[in-house]
Amino acid sequence: MSIKLVAVDIDGTLLNSKREVTPEVYTAIQDAKKAGIKVVIATGRPIAGVTDLLEKLNLKDQGDYVITFNGALVQDTATGEDLIKETLTYDDYLDIELLSRKLGVHMHAISKEGIYTANRDIGKYTVHEASLVNMPVYYRTPEEMVGKEIVKIMMIDEPEVLDTAIAQLPASLYEHYTVVKSRPFYLEIMNKKVSKGTAIIHLAEKLGLSRDETMAIGDEENDRAMLEAVGSPVVMENGIPELKKMAKYITKSNDNSGVAYAIKKWVLN
């Protein structure tokens, strides 16, 4: 059965190490779209962090979709309509903010409007994230977060600091939330219902597609759920070893247009 939906991660997958879309990747995505294949960006970034990319790749037409916040938000890119939206409560925020302070790790929360941190000394990875996803940063005390629609919370810090904190996380955190490490300095915490995999399953159902008609391409631990959800999981050559064990295919690295190689070899061919 032919592939009719391809979900593609951004960092380490779609973009090369210079954060660019290579001409080969651009052409492959346009060829897939012309062939009637849905190419869906699936990322941990908020929607503001992918808008320019969607425009560049011509993925904002009628019938185009995007998965953001690691699956917490699925939108029709032409209309901006939310197909799926799973958020966190204010009590969730308070619990995780208190835990981050106890563990001595920086933290911020993200809504569709911006990034909020209670860290008076704003962490450099909060600044990095804001720059990466084109969102403003706001300093807000926990009391000032009442009423904010929080989609994702991130513990962010130097890798060694973050790893020390992760080792001390209570089992209850994993029981109540989806927790994924997306980069050495990022730990993402979302509604328990959320994953890229769940988002892809729901989107495929909406489009009337079977599992065998779906493919996902990724490189990091936060891509695991979507790779497990599809019929054809593809892992980048630069992907982590644990993911390569579950791949149906290993494509070239992001610096060698691995997304283009996968689409041409296993989708369009």
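The name an unreviewed UniProt entry assigns to the chain is Cof family protein, from the organism Streptococcus troglodytae.

Visitor: Quick rundown of the pattern of salt bridges? Include the residues and the values.
Guide: Side-chain pairs of opposite charge can arise where the charged atoms are in close proximity. With the rule as written, the count across this model stands at 16 salt bridges. Asp-82 is the partner of Lys-85 in a salt bridge, and the nearest nitrogen-oxygen pair spans 3.8 Å. Classification of Lys-85 by relative accessible area gives partly exposed; the value is 36%. Taking the relative accessible area as the measure of exposure, Asp-82 reaches 27% and is therefore partly exposed. Of the charged contacts, one joins Asp-82 and Lys-112 as a salt bridge, the two residues approaching to 3.3 Å between their closest N and O atoms. Taken together, the residues Asp-82 in strand β5 (residues 82-85) and Lys-112 in the loop between β6 (106-110) and β7 (115-117) connect sequence positions 30 residues apart.

Visitor: Hey, could you go over the sheet that holds strand β8 (residues 137-139) for me, with residue numbers and the actual values?
Guide: The strands making up a sheet associate through hydrogen bonds between their backbones, and the pairing can be parallel or antiparallel. Pairing in this open sheet of six strands is mixed, and the strands run β8-β7-β6-β9-β11-β10 from one edge to the other. Since the sheet does not close on itself, it has two edges, and those belong to β8 and β10 (177-183), each with one partner. The mean angle between the axes of side-by-side strands here comes to 25°, regardless of whether they run parallel or antiparallel. Here β6 pairs with strand β9 (residues 152-156) via five bridges, running antiparallel.

Visitor: Residue-level account of the environment of Glu-81, with values.
Guide: Summarising the element assignment, Glu-81 is placed in the loop between β4 (73-76) and β5. Through-space distance from the C-alpha of Glu-81 to that of Ala-229 is 24 Å; in sequence the pair is 148 residues apart. If we ignore the near neighbours within four places in the chain, the residues touching Glu-81 are Val-74, Gln-75 and Asp-76.

Visitor: Describe the domain arrangement of the chain, naming the residues involved and giving the relevant values.
Guide: By a widely used convention, the size of an interface equals the accessible area lost when the partners come together. What the domain assignment reports for the chain is domain 1 (5-85 + 194-267) and domain 2 (90-191). Overall, the association of domain 1 and domain 2 removes approximately 1600 Å² of surface from exposure, summing both partners, and the carbon and sulfur fraction of that is 59%. Summed over the shared surface of domain 1 and domain 2, the number is two salt bridges. Seen at the junction of domain 1 and domain 2, the total is eight residue pairs in polar contact (both at pLDDT 80 or more). Listed by contribution, the elements that provide at least two residues to the side of domain 1 that touches domain 2 are α1 (10-14), β4 and β5. Residues that form the side of domain 1 that touches domain 2 fall into these classes: six nonpolar, six polar and nine charged.

Visitor: Got a sec to walk through the pairing of strand β1 (residues 5-8)? Specific residues and values, please.
Guide: Side chains of β1 alternate between two faces, with Leu-5 and Ala-7 and Val-6 and Val-8 buried alike. Note: β1 against strand β2 (residues 38-42), four bridges, orientation parallel. The residue of β2 that forms the bridge with Val-8 is Ile-41. Alignment of β1 against strand β12 (residues 214-218), held across four bridges, turns out to be parallel. Its bridge partner lying in β12, Ala-7 is registered against Ala-216.

Visitor: Give a description of the packing of aromatic side chains that names residues and reports values.
Guide: Overall, the coordinates contain six aromatic pairs when judged by the stated rule. Residues Phe-185 and Tyr-186 carry aromatic rings whose centres are separated by 4.8 Å and whose planes lie at 85° to one another, so their mutual orientation is edge-to-face. Note on Tyr-261 and Trp-266: the rings are 5.7 Å apart at their centroids and 85° apart in plane angle, and the pair reads as edge-to-face. Residue class for Tyr-261 comes out partly exposed when judged on its relative accessible area of 29%.

Visitor: Report on the sheet that holds β1, specifying residues and quantitative values.
Guide: Taken together, eight strands build an open sheet; the order of strands is β5-β4-β3-β2-β1-β12-β13-β14 and the sheet is mixed. Strand pairing shows two members of the sheet lacking a second neighbour, β5 and β14 (249-250), which therefore form its edges. Where strand β3 (residues 65-68) and β4 come together, four bridges link them in antiparallel fashion. Bridging from a neighbouring strand, Ile-67 pairs with Val-74 of β4. Helix-sheet contacts for helix α11 (residues 258-266) involve β1, β12, β13 (232-235) and β14, and the interaxial angle to β12 is about 160°.

Visitor: Describe the nonpolar core, naming the residues involved and giving the relevant values.
Guide: By size, the foremost hydrophobic cluster in this structure holds 31 residues, and its most contacted members are Val-6, Leu-14, Ile-29, Ile-41, Leu-57, Met-215 and Ile-217. Put simply, the parts of the chain that give this core at least two residues each are β1, α1, α2 (23-34), β2, α3 (51-56), β12 and α11. With five residues, α11 is the single largest residue contributor to this core. For Met-215, the residues in contact, after removing those within four places along its chain, are Ile-3, Leu-5, Val-6, Ala-7, Val-230, Ser-232, Val-234, Tyr-249, Trp-266 and Val-267. Counting residues in hydrophobic clusters, the runner-up holds 22 residues, among them Ile-96, Leu-103, Leu-162 and Leu-173.

Calculation rules
- Residues numbered from 1 in each chain as written.
- Predicted model: local features only at pLDDT ≥ 70, side-chain atom pairs only at ≥ 80, totals over all residues.
- Heavy atoms only, no water.
- Salt bridge = Lys/Arg side-chain N within 4 Å of Asp/Glu carboxyl O.
- Buried < 20%, exposed > 50% of the residue type's maximum accessible area, 1.4 Å probe, protein only.
- Helix = DSSP H or I, 4+ residues; strand = E, 2+ residues; numbered from the N terminus.
- Pairing = 2+ DSSP bridges.
- Axes fitted to C-alpha atoms, helices over the stretch in contact; angles between N-to-C directions.
- Contact = heavy atoms within 4.5 Å.
- Domains from an automatic or database assignment.
- Buried area = accessible area lost by both parts, 1.4 Å probe.
- Polar contact = N/O pair within 3.5 Å; in protein donor to acceptor, adjacent residues only side chain to side chain.
- Nonpolar A, V, L, I, M, F, W, Y, C, P; charged D, E, K, R; others polar.
- Phe/Tyr/Trp six-rings, centres within 6.5 Å; stacked < 30°, edge-to-face > 60°.
- Core = buried A, V, L, I, M, F, W, Y, C linked by side-chain atoms within 4.5 Å.

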